[in-house]
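Coordinates in review
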Amino acid sequence: MLGEGIIQGLVETARNFFGSYVETDRLTTVQYPEERLPLPEASRVFPFLLYDGSDPEAGLRCVACQICEKECPPRCIHIEKSKDKKPDFVGKQQFYPAVFDIDVSVCMSCQICVEVCPFDAIRMDDEFELSTTDRFGGLHWTKEQLSRPNEYYRTIHPTEAAETDERRVKELVDARAKAATAAAAAAAKAAQAPATGDTGNGATAPAQTGTVTSK
Amino acid sequence: MSGHVADLEPIVGPGDNGLGDIMEVSMGPHHPSTHGVFRMDVRLEGERVVRLKPVFGYLHRNHEKIAENGAYLSAIPYTDRLDYLCSMTNNWGYVLAVEKLAGIQVPERAEYIRVIVSELTRFQNHAGLVGFLLQDMGASGTPLMYAFREREKILDLFESLSGARMMCNYMRFGGLRVDASAAWLEEVRQVIAGLPRFIDEYEKLLRGNEILMARTQGVGVLPRELAINAGVTGPMLRASGVNYDVRKVDKYGIYDRFHFRVPLGEHGDVYDRYMMRVLEMRESLTILEQALRDIPAGPIIDPKTRLRGLRPKAGEAYGRIESPKGELGFFLISDGSTNPYRYRVRPPSMINLTILEDMCLGENIADTVIILGSVDIVLGEVDR
């Protein structure tokens, strides 16, 4: 019968319309600003820099190795290395970024900076409501704007953060153990040859532990 | 490709053939039926098309040269943006080429997850395409919204796996970026369990619709020989009755382990191309079921694979896959340095678009819109 196909289609539309009152599967709309869906844990938007403790300057994990700057596909990261050094979480003297800027209008949220970072210093944020009326300064984020504490990372990506923390605790324990054995060896050496000036040995010992931990 | 109407040969004046005036219309680049920034320079005799020139390049962004100037790793997020509806299959095409070039082996589990995400991609692409095609025909909104409702479920899966709905950046040469958890695989099982009902409803909605039949059957016929000669691939080629599917022909990855059928059309008209998508969605679900049943445990990437600073030996490789739109190929030449010497994409959308004129000649102007819709183009891939 001519028109049968059209009627069948309308029955289907009606089923979806009335079904949306009873089946959540058929009603998927969310009234966004009032209602919000939870983001998946893996969700990523733009990168941020992590710091340990409460001081974003002293605890910043980034050592300005500039790997992310080189690997970033659209080259949206700009880093300037510091002249002096500060101790990192295992106590080794490291450079830090004097300037660390990300142009988020260029960033394409690919996460390659996170993958290549050997220091667990850069991670992806899940903050997506980032509209601004200033299209130049507002989308050019500096080190101060990018720094976030580790606690924040634990709240947005708990599983990933737990893995990272575990690895870093292990690194710290290893570094301390190595430093202890190196110090013991140095002390034993100093005890064997007390006549050859133990002050010199004492001064070189910390530097040696530093080179061991970096390998 | 000539860019302007003025470049074509002069218009036949009125009265000398008794057919009246010929009108030139520039459809696009800002026309809703063109699905992006694409222009068709059409010459009309009344409502009939006598000449059609596809004009593209409005979305050109130097994809190939950007990839040649970056490391092998940094090209992967750019491939997401080729056919921006199917980032997973684009990733696969590229990493397959790099794996061939550098001789990298892929672990078993990674191959299975690649198949799972690719077939999910195929499903959501075809669902979206059918929605858009029906929208072009005047079924405003409803079928498209139903398609997008299901597509959203798949995009949610992608987001919880890779972190992004569309720009997944998920595959790496030698494997994958992150592993799929058992919970994620369970979620996929739940989602695909609900999809057959969606296809049934979708078919009931418009399959027997008299208006749809009248507008699609016998319209935009692509003969078998022309399809082969023009290098058309994918569902378009199969709608013309040619049994050619890279998954069957090349058996890349682990596609030789799955049982699935390749649907074939008879007439090569818009209706066949529409049905081809619907049937392929069903076949994708069979592959998904088999892959989810057989997926082994194990690593997803060889830890010795060098992602950063990969230097393949000098040589060349061509990796090709069956993307939802056709044969997507990546041709790479290495000179032994950290970035490819030449990087070339074989975009199925663009090559399928080159025979648009042959399909549209003699049809009504309103039908060019649905013929274009049945080609399934994404301008990100056409223009690169």
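The structure presented is a predicted model; accordingly, all values stated were derived computationally and were not measured.

1. Brief notes about the sheet that holds strand 1 (residues 23–27) of chain B
Residues and elements named next belong to chain B. Strand order across the open sheet formed by three strands is 1-2-3, with antiparallel pairing between neighbours. In this open sheet, the two edge strands, each paired with only one partner strand, are strand 1 and strand 3 (48–55). Averaged over all pairs of adjacent strands, the angle between their axes in this sheet comes to 20°, without regard to strand direction. Where strand 2 (residues 39–45) lies against strand 3, seven bridges are found, and the strand directions are antiparallel.

2. Digging into the interface of chain B and chain A
Taken together, the contacts link 32 residues of chain B with 32 residues of chain A. When chain B packs against chain A, close to 2600 Å² is buried across both sides, 48% of that on carbon and sulfur atoms. The largest contributions to the chain B side of the interface with chain A come from Arg149(B), Glu210(B) and Arg308(B), which together make up 21% of the buried area. Joining chain B to chain A, the criterion identifies three salt bridges. Across the pair Glu23(A) and Arg197(B) runs a salt bridge, and its minimum N-O distance is 3.3 Å. Counting the contacts that link chain B with chain A gives 12 residue pairs in polar contact (both at pLDDT 80 or more). Elements with a minimum of two residues in the side of chain B that touches chain A: helix 2 (76–80), helix 5 (142–162), helix 6 (182–206) and helix 7 (210–216) of chain B. Residues that form the side of chain B that touches chain A fall into these classes: 11 nonpolar, 10 polar and 11 charged.

3. Digging into empty space enclosed by the protein
All names here are of chain A. Evaluation of the coordinates by the stated rule reveals six cavities of 30 Å³ or more. In this structure, the largest cavity occupies an estimated 100 Å³ of space. As for the largest cavity, its lining consists of 15 residues, and the residues nearest its centre are Cys62, Cys65, Cys68, Cys117 and Ala121. A class-by-class count of the residues in the lining of the largest cavity yields 14 nonpolar, one polar and no charged. Volume-wise, the second largest cavity comes out at about 80 Å³.

4. Considerations on the environment of Arg61(A)
All names here are of chain A. Looking at the element boundaries, Arg61 is found in the loop between strand 1 (47–51) and helix 2 (67–71). Residues Arg61 and Thr164 lie 103 residues apart in sequence; the distance between their C-alpha atoms is 13 Å. The residues touching Arg61, leaving out its near neighbours within four places in the chain, are Leu50, Tyr51, Asp52, Phe119, Asp120, Ala121, Asn150, Thr164, Asp165 and Arg168. Here the side chain of Arg61 touches Asp52 through a polar contact of 2.9 Å, side chain to side chain.

5. Here's the deal with the packing of helix 11 (residues 270–294) of chain B against helix 14 (residues 365–375) of chain B
When two helices pack together, their arrangement is given by the angle between their axes and by how far apart the axes lie. Residues and elements named next belong to chain B. At a closest axis distance of 10 Å, the pairing of helix 11 and helix 14 adopts a crossing angle of 35°. Seen from above, helix 11 lies across helix 14 with left-handed handedness. Only Ile370, Ile371, Ser374 and Val375 of helix 14 make contact with helix 11, whose side of the interface consists of Val270, Arg273 and Arg277. Its residues placed into classes, the contact of helix 11 with helix 14 shows four nonpolar, one polar and two charged.

6. Quick notes on unusual backbone geometry
Residues and elements named next belong to chain B. Unlike most non-glycine residues, Asn62 shows phi in positive territory, near 65°. Of note, Asn62 is situated in the loop between strand 3 and helix 1 (63–68). The exposure class assigned to Asn62 is partly exposed, which follows from its relative accessible area of 40%. Here the phi dihedral of Asn169 falls at roughly 50°; this positive angle occurs in a residue that is not glycine. Relative to the elements of secondary structure, Asn169 occurs in the loop between helix 5 and strand 4 (171–172). With a relative accessible area of 0%, Asn169 lands in the buried category.

7. Overview of the layout of surface pockets
One number sums up the size of the largest pocket: a volume of about 1400 Å³. In this structure, the largest pocket is lined by 42 residues; those nearest its centre are Leu37(A), Glu152(B), Asp156(B), Glu159(B) and Arg165(B). Secondary-structure elements contributing two or more residues to the lining of the largest pocket are helix 5 and helix 6 of chain B. No other element matches the 10 residues that helix 5 of chain B contributes to the lining of the largest pocket. By residue class, the composition of the lining of the largest pocket is 20 nonpolar, eight polar and 14 charged. Its volume calculated, the second largest pocket comes out at about 940 Å³. Taken together, 33 residues form the lining of the second largest pocket, with Gln111(A), Glu160(A), Glu163(A), Arg177(B) and Val178(B) sitting closest to its centre.

8. Things to note about the nonpolar core
The biggest cluster of nonpolar side chains holds 116 residues, and the ones touching the most others in it are Tyr94(B), Ile116(B), Phe173(B), Tyr274(B) and Leu356(B). Looking at this core element by element, the count peaks at 12 residues for helix 4 (residues 108–136) of chain B. Aside from chain neighbours lying at most four places away, what touches Leu356(B) is Phe38(B), Met40(B), Leu52(B), Ile371(B), Leu372(B) and Val375(B). Counting residues in hydrophobic clusters, the runner-up holds 24 residues, among them Cys68(A), Cys72(A), Val114(A) and Leu146(A).

9. What to know about the packing of helix 4 of chain B against helix 6 of chain B
All names here are of chain B. Where helix 4 contacts helix 6, the two axes come as close as 12 Å, and the packing angle between them is 25°. Between helix 4 and helix 6, the interaxial angle falls into the category roughly parallel. Crossing angle aside, the handedness with which helix 4 passes helix 6 is left-handed. Two secondary-structure elements touch here, helix 4 through Arg109, Ile116, Val117, Leu120, Phe123, Ala127, Val130, Gly131 and Leu134 and helix 6 through Trp184, Leu185, Val188, Ile192, Leu195, Phe198, Ile199, Tyr202 and Leu206. Among the residues making up the contact of helix 4 with helix 6, the classes are represented as 16 nonpolar, one polar and one charged.

10. A short note on helix 4 of chain B
Residues and elements named next belong to chain B. Spanning 29 residues, helix 4 covers 42 Å between terminal C-alpha atoms, matching the ideal 42 Å at 1.5 Å per step. Here helix 4 lies mainly inside the structure; 26 of its 29 residues are buried. Positive backbone phi, approximately 110°, marks Gly138, located one or two places after helix 4.

11. Points about the pattern of salt bridges
Residue and element names in this part refer to chain B. Summed over the entire model, instances satisfying the criterion amount to 46 salt bridges over all chains. Residue Glu64 is joined to Arg344 by a salt bridge in which the shortest nitrogen-to-oxygen separation is 3.5 Å. Taken together, the residues Glu64 in helix 1 and Arg344 in strand 8 (residues 342–346) connect sequence positions 280 residues apart. Given the relative accessible area of 13%, Glu64 is considered buried.

12. Things to note about the confidence of the model for chain A
Residues and elements named next belong to chain A. Looking at chain A as a whole, the pLDDT averages 81, with 89% of positions reaching at least 70. Strand 6 (residues 122–124) holds the highest mean pLDDT among the elements of chain A, 90, whereas helix 7 (residues 198–214) holds the lowest, 41. For residues 197–215, every residue scores under 50 in pLDDT, and the model assigns this stretch 10 contacts once sequence neighbours within four places are set aside.

13. A closer look at the pairing of strand 1 of chain A
Residues and elements named next belong to chain A. In terms of burial, strand 1 is a largely internal element, five of the five residues being buried. Taken together, the three bridges between strand 1 and strand 8 (residues 147–149) define a ladder with parallel strand orientation. In the sheet register, Leu49 faces strand 8, and the bridge partner there is Ser147.

Parameters at a glance
Residues numbered from 1 in each chain as written. Chains lettered and ligands numbered in written order. Predicted model: local features only at pLDDT ≥ 70, side-chain atom pairs only at ≥ 80, totals over all residues. Heavy atoms only, no water. Pairing = 2+ DSSP bridges. Helix = DSSP H or I, 4+ residues; strand = E, 2+ residues; numbered from the N terminus. Axes fitted to C-alpha atoms, helices over the stretch in contact; angles between N-to-C directions. Contact = heavy atoms within 4.5 Å. Buried area = accessible area lost by both parts, 1.4 Å probe. Salt bridge = Lys/Arg side-chain N within 4 Å of Asp/Glu carboxyl O. Polar contact = N/O pair within 3.5 Å; in protein donor to acceptor, adjacent residues only side chain to side chain. Nonpolar A, V, L, I, M, F, W, Y, C, P; charged D, E, K, R; others polar. 1 Å grid on protein atoms, 1.4 Å probe; cavity = no way out; pocket = protein on both sides within 12 Å on 5 of 7 lines; lining within 4 Å. Points joined across faces, edges and corners; volume = space filled by probe spheres on them. Left-handed = near helix turned anticlockwise from the far one by under 90°. Buried < 20%, exposed > 50% of the residue type's maximum accessible area, 1.4 Å probe, protein only. Core = buried A, V, L, I, M, F, W, Y, C linked by side-chain atoms within 4.5 Å. Parallel < 35°, antiparallel > 145°, perpendicular 65-115°, else oblique. Expected span 1.5 Å × (residues − 1). pLDDT = per-residue confidence, 0-100.

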